[in-house]
Amino acid sequence: LCMIPGVEGTAWAGGCFPLLIRFDHLDPLKPPQCRFPACEGPRMERARPLSQEVLRACPDFQKQKLSQANRPNGFMHTNVYPSGKVCLSTLDEQKGWDPSFSITEILLTVQLLLDDPNGDNPAQLEPYVLYRWARAEYDRRVREQASRFSEEHFNQLARQYCRPAPYGVRYTECGQHRIVRGQGG
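About the criteria used
- Residues numbered from 1 in each chain as written.
- Predicted model: local features only at pLDDT ≥ 70, side-chain atom pairs only at ≥ 80, totals over all residues.
- Heavy atoms only, no water.
- Helix = DSSP H or I, 4+ residues; strand = E, 2+ residues; numbered from the N terminus.
- Polar contact = N/O pair within 3.5 Å; in protein donor to acceptor, adjacent residues only side chain to side chain.
- Phe/Tyr/Trp six-rings, centres within 6.5 Å; stacked < 30°, edge-to-face > 60°.
- Buried < 20%, exposed > 50% of the residue type's maximum accessible area, 1.4 Å probe, protein only.
- Arc of directions from axis to C-beta.
- pLDDT = per-residue confidence, 0-100.
- Contact = heavy atoms within 4.5 Å.
- Pairing = 2+ DSSP bridges.

### Quick word on the side chain of Arg141
Mapped onto the elements, Arg141 comes out in helix α5 (residues 135-148). One polar contact links Arg141 to Glu137, side chain to side chain, over a distance of 2.7 Å.

### Looking at the packing of aromatic side chains
Per the stated rule, a full pass over the model turns up 9 aromatic pairs. Consider the rings of Trp12 and Phe75, whose centres lie 6.1 Å apart with planes at 25°: the pair is stacked. Taken together, the positions of Trp12 in the loop between β1 (2-5) and β2 (16-22) and Phe75 in the loop between α2 (60-66) and α3 (103-115) put the pair 63 residues apart, joining distant regions of the chain. Exposure class is identical for Trp12 and Phe75. Each is buried. With a centroid separation of 5.9 Å and 90° between ring planes, the pair formed by Phe17 and Phe75 is classed as edge-to-face. Within this pair, whereas Phe17 is found in strand β2, its partner Phe75 is found in the loop between α2 and α3, the two being separated by 58 residues in sequence. Chaining the aromatic ring pairs together yields one cluster made of Trp12, Phe17, Phe36, Phe75 and Phe149.

### Side note on helix α6 (residues 151-161)
Turning to α6, its buried residues are His153, Phe154, Leu157, Ala158 and Tyr161. One side of α6 holds all its buried residues, which, seen down the axis, span an arc of 145°. Of the residues in α6, the exposed ones pointing more than 90 degrees away from the buried face are Glu152 and Arg159.

### What to know about the environment of Thr104
With respect to the helices and strands, the residue Thr104 is situated in helix α3. Residue classification places Thr104 among the partly exposed residues on the basis of a relative accessible area of 29%. Remark: the alpha-carbon pair of Thr104 and Cys2, spanning 102 residues in sequence, is separated by 10.0 Å.

### Brief notes about the confidence of the model for the chain
Parts of the prediction with low pLDDT should not have their coordinates interpreted in detail. Confidence along the chain averages 78 in pLDDT terms, with 68% of residues attaining 70 or more. Between residues 40-46, whose pLDDT stays under 50, and residues either more than four places distant or in other chains, the model counts 21 contacts.

### Looking at the pairing of β2
Of all 7 residues in β2, 6 are buried; the element is thus mostly enclosed. Judged from the 4 bridges that link them, β1 and β2 form a sheet pairing that is antiparallel. The partner of Pro5 across the bridge, within β2, is Cys16.

In structure tokens form, the structure reads like this:
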């Protein structure tokens, strides 16, 4: 479990976002699975309806899909699937994965993705539409979300997901990120 802090000066500032990173111990050359365990985290109320202004700016084919948009895990980001899985080309074995990537590089890439989503490959429709056609509303919702992801929330998830390793759970400061070392739970 790793903590990704929101970058200062962005709508994500102040948040301590938990990221579960799971490596395949049978094939260490495969990219790790990265997901935000937000379904166990602070909940966001059901997605509010989009304003008429946003719907008018949105292409017709997107309007039809918006009626089915949902965020069951409560994490709102264009490149995070409803399951919490991060949609990022550097974590895709067929696209940009390189086994030489370090955990620090993975964390920095995900951190950069938070404020600079890839609109060419959206994983959730509602955040994509807001980011593209109603940036002020998107930023407002992101700030609201960031305020719910505190360091205390991260520590609760660390206790939930990480059983003590043989030598105990250790927090490692890796630049600005915190990595909880332990056995997956």
